[in-house]
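In case you want the letters, here they are:
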Amino acid sequence: MSARNTPLEILAPAGNEEMLRAAVYSGADAVYLGFSGFNARKSAGNFTAETLKDAVAFCHGRGVRVHVALNTTVYPGEVQDLADAIRAVAAAGADAVILQDMAAAALAKRVAPGLELHGSTQMSVHSLAGVKELARLGFSRAILSRELSGREIARIAAESPIELECFIHGALCMSVSGQCYMSAFLGGRSGNRGSCAGTCRLPFAADGAKEGYHLSLKDLSLVDKIPELMEAGVVSVKIEGRLRTPEYVAAAVAACRAAREHKPYDKQLLENAFSRSGFTSGWYDGKIDGTMFGVRTQEDTAASKAALPGLRELYRREYSRIPVRFALCAKPEGLELTADDGQGHTARAVSRSQPQPAKTDQRPGIERALGKTGGTPFVFGGLTAEGEPGYLPGSEWNELRRTLLEDLLAQREKLTPIPCTGVQPKPPVRRTVPVHPGLRARFERWGQVPPEWAEKLGGITLPIAQAGEVPAALRHKVTLELPRVMFGVLEADTRRRMEEADGQGFAAFEAGNLAHIELGRGLNTPMTGGFGLNITNHLAARQYAALGLKSVVILPEVTAADMAYIAPGVPSGAVIYGHMPLMITRACPLHNRHTCQSCNGRGTLTDRKNKVFQVRCGLGVRTIYNPVPIYMGDKPGALPVDFGLAYFTLENPQRAAQVLEMIANRAPFDREFTRGLYFKGTA
């Protein structure tokens, strides 16, 4: 999309009503807030059906858009509540809903077809193919991953069929959003469910060295890059921080407004509002190194406390932004003054007394009186008059102005609900489970596949880069896994590899990102879905099946009890063995120890409990694995799915063979293991 004519939208967080007021009063063009129960910041104040109406009325009265976050994964038993939440958002007349789960997208289109859909950064959309797939699904905006460089954003924007939103300021997740399972597996609190425990802010030792904060990134600040993003065609810049303070929001909004107008801003004040030993622009500038890491220090906290009085001044008075034109007309009963906001709202009032003849031109004085709009959302936009208005006391002009502006604001605050249909989601039905679920296995490379198991497995999954290693006679049972993240030229490389493999007899390509579905269009090889799609309910599973996926793997955060209600109409599977990849990150947690030139692409992180996490580098990202593998091989039938997936990553062929034998024999595991979240679930 080319750069649009309207100004770049400054989108501010509103974790509660006080933050909402600070965002609006300091000049934000739009706010995003959470609806209780279904947003990625459950510990923020959030809004109910009633308080959301108040928030929308307040914002719309002042020309500010409201985006409502319903951006968590959803479990089968929550679908009805989700439909009710969508109806509440529509009833409030909100401008858009931010979604992660495909079930939420499907329900929104059925329940409130007029509701604008924005793809959350939790959808891990970071490429043009992903943006195009969102457009096909009916989304009007994509909120891009934070890891993109300026050049990558510009390339996407040049061909994007929908609006693009980018993060401009605030906290950074170490992992690609939507692909982090560390909090869930280590602390039972899922980031995909809005309950992230912030595990990445804890100390870890890297490669055996002393403890440090190797997963804690500084806050992002790209305020200086706003002119570049505007030129690239980005529609909205987003300030992170629904768990921050009103003062923080006001500082960020004020800085963004100044940068948008090519004016200087107080960088020190912005840093004092909140930082972790300064800011980073690493990903945007392509400087992904140890300088990206930082923690909140006592000095940072003291600076924030000292800055509070100055920060509060940024939103003490309301930001005037809505031009109002006034018109005067003499009437028998008095002088009639009309105010028009140019958006369909008009207010009229008549003076209490008749104007007296005046010897001098009264217009300059009248304009001064009508221009005293400070403390309101309105700004004087001009005056027209029929004939000489005559003289009225200044107090009467002030009274007329106040009356008209109060009337205009009341009109603007009237809610305009979005129509809803009577569609009700059907309750999930408990599925039937096969007596003998199949067994599939995923390997990191062909050489890891135990030869004696190559024929016995119901299916084999390998990264697409391994396609050339697979014997032709076995291709019919091999699914080629596509990279879950594809920064830079990797998307084009993945499409090239798919075209080369197409028609060579492979069973399928495995999608781990929405972009893969777009990349697979026009090819003859079928597609399946991996756990990177974060499928947690029956509606999402059916949506993916409708998009052509021939089987799906359910996200391992889902309990066995909930899994029993996920029947997509195609085979579904669950991970029954594997070191869960807890994070995929573009930044490297080992950069504080050494450079890429002195690294062999492998390393370790050790937590406070002396658990060792393996780190592997490849395809421009790092993957951090859970020290303890999931094992469900001795619990046949415990997971209500059509096939179990043994997910091999760190193992050698001999160990892979041992694990497969244990699964086949339903034997207990021979080492430390975990049942994951299959029985205890997450918060």
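First, a word on what this report is: a plain description of the structure on this page. In every chain, residue numbers begin from 1 and rise along the written sequence. Reporting of local features is limited, given that this is a predicted model, to residues whose pLDDT is at least 70; pairs of side-chain atoms are given and counted only at 80 or more, and all residues count toward the totals for whole chains, interfaces and linings. Side-chain descriptors were evaluated using all non-hydrogen atoms of the structure, hydrogens and water having been removed beforehand.

1. So, the overall build of the protein
Thought 1: Looking only at helices and strands, the protein features 19 helices and 29 strands.
Thought 2: For the radius of gyration, the atoms used are the C-alpha atoms, and the globule rule reads 2.2 Å times the number of residues raised to 0.38. The C-alpha radius of gyration of the protein comes to 29 Å, within 12% of the 26 Å expected for a compact globule of 683 residues.
Thought 3: Along the longest, intermediate and shortest principal axes, the C-alpha atoms of the protein span 105 × 55 × 45 Å.
Thought 4: Only protein chains enter the accessibility calculation, which uses a 1.4 Å probe; a residue whose area is less than 20% of its type maximum is buried, one above 50% is exposed, and one in between is partly exposed. Relative to its 683 residues, the protein shows a buried fraction of 59%.
Thought 5: All tallies of charge rest on Lys and Arg as positive and Asp and Glu as negative; His and the ends of each chain are not included. All charge positions are set by atom: Lys at NZ, Arg at CZ, Asp at CG, Glu at CD. Here the protein holds 79 positive side-chain charges and 69 negative ones, and the gap between their average locations is 3 Å. Helical segments are the DSSP runs of H or I of at least four residues, strand segments are the runs of E of at least two, and each set is numbered from the N terminus.

2. A word on the packing of aromatic side chains
Given two aromatic rings, their pairing is described by the distance between the two centres and the angle made by the two planes.
Thought 1: Each Phe, Tyr or Trp ring (for Trp, its six-membered ring) is paired with any other whose centre lies within 6.5 Å, and the angle between the two planes then decides the class: stacked below 30 degrees, edge-to-face above 60, tilted in between. As enumerated under the stated definition, the model contains 11 aromatic pairs in all.
Thought 2: The interplanar angle of 40° and the centroid separation of 5.9 Å between the aromatic rings of Tyr 577 and Phe 669 together place this pair among those described as tilted. Placement of Tyr 577 in strand E23 (residues 572-578) and of Phe 669 in the segment after helix H19 (653-664) is noted, with a sequence separation of 92 residues between them. Here Tyr 577 matches Phe 669 in class, with each residue buried.
Thought 3: Taken together, Phe 443, Tyr 577, Tyr 631, Phe 648, Phe 669 and Phe 673 form an aromatic cluster joined through their ring pairs.
Thought 4: Arg 146 extends its terminal NZ or CZ atom over the ring of Phe 167, reaching a point 4.0 Å from the ring centre. The rule for a charge over a ring is simple: NZ of Lys or CZ of Arg within 6 Å of the ring centre, and within 35 degrees of the ring normal.

3. Examining helix H3 (residues 79-92)
Thought 1: Helix span, expected: 1.5 Å multiplied by one less than the number of residues in the helix. Relative to the 20 Å expected for 14 residues at 1.5 Å per residue, H3 spans 20 Å between its end C-alpha atoms, a close match to the ideal helical length.
Thought 2: Extensive coverage of H3 is indicated by the burial of 10 of its 14 residues.
Thought 3: Turning to H3, its buried residues are Val 79, Leu 82, Ala 83, Ala 85, Ile 86, Arg 87, Ala 88, Val 89, Ala 90 and Ala 92.
Thought 4: For this analysis, residues touch if any pair of their heavy atoms sits within 4.5 Å. Packed against the buried residues of H3 are helix H2 (49-61), strand E3 (65-70), helix H4 (102-111) and helix H17 (538-546).
Thought 5: Backbone geometry just downstream of H3 places Gly 93 in the positive-phi region, at approximately 75°.

4. With respect to the packing of helix H1 (residues 17-25) against H2
Thought 1: Angles shown run from 0 to 180 degrees and are taken between the N-to-C directions of axes, each axis being a line fitted to C-alpha atoms and, for helices, limited to the stretch in contact. For the pair H1 and H2, interaxial distance at closest approach is 11 Å and the crossing angle is 10°. Overall, the two elements H1 and H2 adopt an arrangement that is roughly parallel. Listed contacts from H2 to Glu 17, Leu 20, Arg 21, Val 24 and Tyr 25 of H1 are Thr 51, Ala 55, Phe 58 and Cys 59.
Thought 2: Residues belonging to the contact of H1 with H2 are distributed by class as follows: six nonpolar, one polar and two charged. Orientation labels follow simple angle bins: below 35 degrees gives roughly parallel, above 145 gives roughly antiparallel, 65 to 115 gives roughly perpendicular, and whatever is left gives oblique. Amino acids outside the nonpolar list (Ala, Val, Leu, Ile, Met, Phe, Trp, Tyr, Cys, Pro) and the charged list (Asp, Glu, Lys, Arg) are all regarded as polar, and Gly is one of them.

5. Concerning the sheet that holds strand E9 (residues 211-212)
Thought 1: A pair of strands is treated as paired once DSSP finds two or more bridges between them. What the six strands build is an open sheet, ordered E9-E8-E25-E26-E27-E24; its pairing is antiparallel. Whereas interior strands pair on both sides, the edge strands pair on one side only; in this sheet they are E9 and strand E24 (581-585).
Thought 2: In this structure, strand E26 (residues 612-618) lies alongside strand E27 (residues 621-625), joined through four bridges in antiparallel fashion. Counted as the bridge partner of Gly 618 is Val 621 from E27.

6. Some points on the nonpolar core
Thought 1: Side-chain atoms within 4.5 Å are what join buried Ala, Val, Leu, Ile, Met, Phe, Trp, Tyr and Cys residues into a set we call a nonpolar core. Formed by 199 residues in total, the largest nonpolar core has its most connected members in Val 31, Leu 33 and Phe 443.
Thought 2: Ranked by the residues each element gives to this core, the list is headed by helix H9 (residues 246-260), at 10 residues.
Thought 3: For Leu 33, the contacting residues outside a window of four places in its chain are Ala 14, Leu 20, Phe 47, Leu 52, Ala 55, Val 66, His 67, Val 68, Ala 69 and Arg 242.
Thought 4: Counting residues in hydrophobic clusters, the runner-up holds 21 residues, among them Phe 326, Leu 328, Leu 383 and Leu 409.

7. Some details on unusual backbone geometry
Thought 1: A positive phi is found at Ser 277, a non-glycine position, where the angle reads about 60°.
Thought 2: Here Ser 277 shows up in the loop between helix H10 (267-273) and strand E12 (279-280).
Thought 3: Owing to a relative accessible area of 36%, Ser 277 belongs among the partly exposed residues under this scheme.
Thought 4: Positive phi, close to 55°, is recorded for Asn 534, a residue that is not glycine.
Thought 5: Along the chain, the position of Asn 534 falls in the loop between strand E21 (527-529) and H17.

8. A few points about the pairing of strand E17 (residues 438-442)
Thought 1: Bridge count for E17 against strand E29 (residues 643-647) is five bridges, and the pairing is parallel. When the bridges of E29 are listed, Arg 440 appears paired with Leu 645.
Thought 2: Direction of pairing for E17 relative to strand E18 (residues 459-463): parallel, over a ladder of three bridges. Residue pairing for E18: Ala 441 is matched across the bridge by Ile 460.

9. Thoughts on the sheet that holds strand E16 (residues 378-385)
Thought 1: If you trace the four strands from one edge of the open sheet to the other, you get E15-E14-E13-E16, paired in mixed fashion. Since the sheet does not close on itself, it has two edges, and those belong to strand E15 (346-350) and E16, each with one partner. Between one strand and the next, the sheet's axes are offset by a mean angle of 25°, whatever the strand orientation.
Thought 2: Contacts from helix H13 (residues 363-370) reach strand E13 (322-331), strand E14 (334-340) and E16 within the one sheet, and its direction differs from that of E16 by about 155°.

10. Remarks on the side chain of Arg 87
Thought 1: Mapped onto the elements, Arg 87 comes out in helix H3.
Thought 2: By definition, a salt bridge exists where a carboxyl oxygen of Asp or Glu is found within 4 Å of a side-chain nitrogen of Lys or Arg. We note that Arg 87 is buried and unpaired, the nearest opposite charge coming from Asp 84 at a distance of 4.2 Å.
Thought 3: In this structure, Arg 87 is in contact with Val 111, Cys 420, Thr 421, Gly 422, Val 423 and Gln 424, ignoring residues within four places of it in sequence.

11. Looking at the pattern of salt bridges
Thought 1: If you walk through the whole model with that rule in mind, you get 35 salt bridges.
Thought 2: When the shortest N-O distance is used, the salt bridge between Arg 521 and Glu 518 registers 3.1 Å.
Thought 3: Here Arg 521 falls in the partly exposed class, since its relative accessible area comes to 31%.
Thought 4: Judged by its relative accessible area of 16%, Glu 518 falls in the buried class.

12. Some points on the side chain of His 591
Thought 1: Take His 591: it is sitting in the loop between E24 and strand E25 (602-606).
Thought 2: Of note is the side chain of His 591, whose polar atom sits 3.5 Å from the backbone oxygen of Ile 288.
Thought 3: Look past the residues within four positions of His 591 in its chain and what remains in contact with it is Ile 288, Asp 289, Gly 290, Phe 293 and Cys 596. Contacts described as polar in this section are N or O atom pairs within 3.5 Å, which, within protein, must combine one atom able to donate a hydrogen with one able to accept it, while residues neighboring in sequence count only if both atoms come from side chains.

13. Points about the environment of Gly 241
Thought 1: If you trace the backbone, Gly 241 turns up in the loop between strand E11 (236-239) and H9.
Thought 2: For the pair formed by Gly 241 and Ala 171, sequence separation is 70 residues and the distance between their alpha carbons is 7.1 Å.
Thought 3: Residues in contact with Gly 241, not counting those within four places in the same chain, are Pro 13, Met 19, Tyr 32 and Tyr 248.

14. Brief notes about the environment of Leu 519
Thought 1: Within the secondary structure, Leu 519 is located in helix H16 (residues 514-519).
Thought 2: Note on Leu 519: relative accessible area 8%, which makes it buried.
Thought 3: Taking the C-alpha atoms as reference points, Leu 519 and Ala 254, 265 residues apart in sequence, are found 41 Å from one another.

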